[in-house]
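For reference, the chains in residue letters:
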Amino acid sequence: VEGSLFSIKMYGTFDTVKASLDFSVRVQFTKKDSLVGKLLHPLTWPFTKLLLEFRLTGSPENPKWQYVSVIDRVMEAVK
């Protein structure tokens, strides 16, 4: 989903048989290809990369959103 102020990028899978979601969701501020985005991207990049990631699981009827902290990602990378 892309907007002029922020975009949402999702990566993952949807199991149609079990109707289960398994996605990583990241919020990004501004478009990189706009003039404002080119100017603000260096300032917003740390927040986007370090603070604005979520995990979406569960079913479409009962989605579960979980914040993924920096520590969670570091621990996952170490495994």
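Presented here is a report on the structure given in the accompanying data block. (Residues numbered from 1 in each chain as written. Predicted model: local features only at pLDDT ≥ 70, side-chain atom pairs only at ≥ 80, totals over all residues. Heavy atoms only, no water.)

### A word on the overall build of the protein
Phase 1 of the analysis: Looking only at helices and strands, one finds two helices and four strands in the protein.
Phase 2 of the analysis: For the protein, the α and β elements follow one another from N to C terminus as β-β-α-β-β-α.
Phase 3 of the analysis: Looking at the protein residue by residue over its 79 residues, the buried ones come to 19%.
Phase 4 of the analysis: As presented, the protein carries roughly 6000 Å² of accessible surface, and 67% of it is formed by carbon and sulfur atoms. (Helix = DSSP H or I, 4+ residues; strand = E, 2+ residues; numbered from the N terminus. Buried < 20%, exposed > 50% of the residue type's maximum accessible area, 1.4 Å probe, protein only. Areas by Shrake-Rupley, 256 points an atom, 1.4 Å probe, with all protein chains shown as cover.)

### Brief notes about the pairing of strand β1 (residues 6-15)
Phase 1 of the analysis: Inspection of the sheet shows β1 paired to strand β2 (residues 20-29) by 10 bridges, in the antiparallel sense. The residue bridging Met10 from the neighbouring strand is Val25, located in β2.
Phase 2 of the analysis: The turn joining β1 and β2, which pair antiparallel and follow one another in sequence, is formed by four residues; a positive phi near 55° is taken by Ala19. (Pairing = 2+ DSSP bridges.)

### Regarding the sheet that holds β2
Phase 1 of the analysis: Taken in spatial order, the four strands line up as β1-β2-β3-β4 in an open sheet, and their pairing is antiparallel. Each edge of the open sheet carries a strand with a single partner, namely β1 and β4 (63-67). Strand-to-strand twist in this sheet, taken as the mean axis angle between neighbours without regard to direction, amounts to 20°. (Axes fitted to C-alpha atoms, helices over the stretch in contact; angles between N-to-C directions.)

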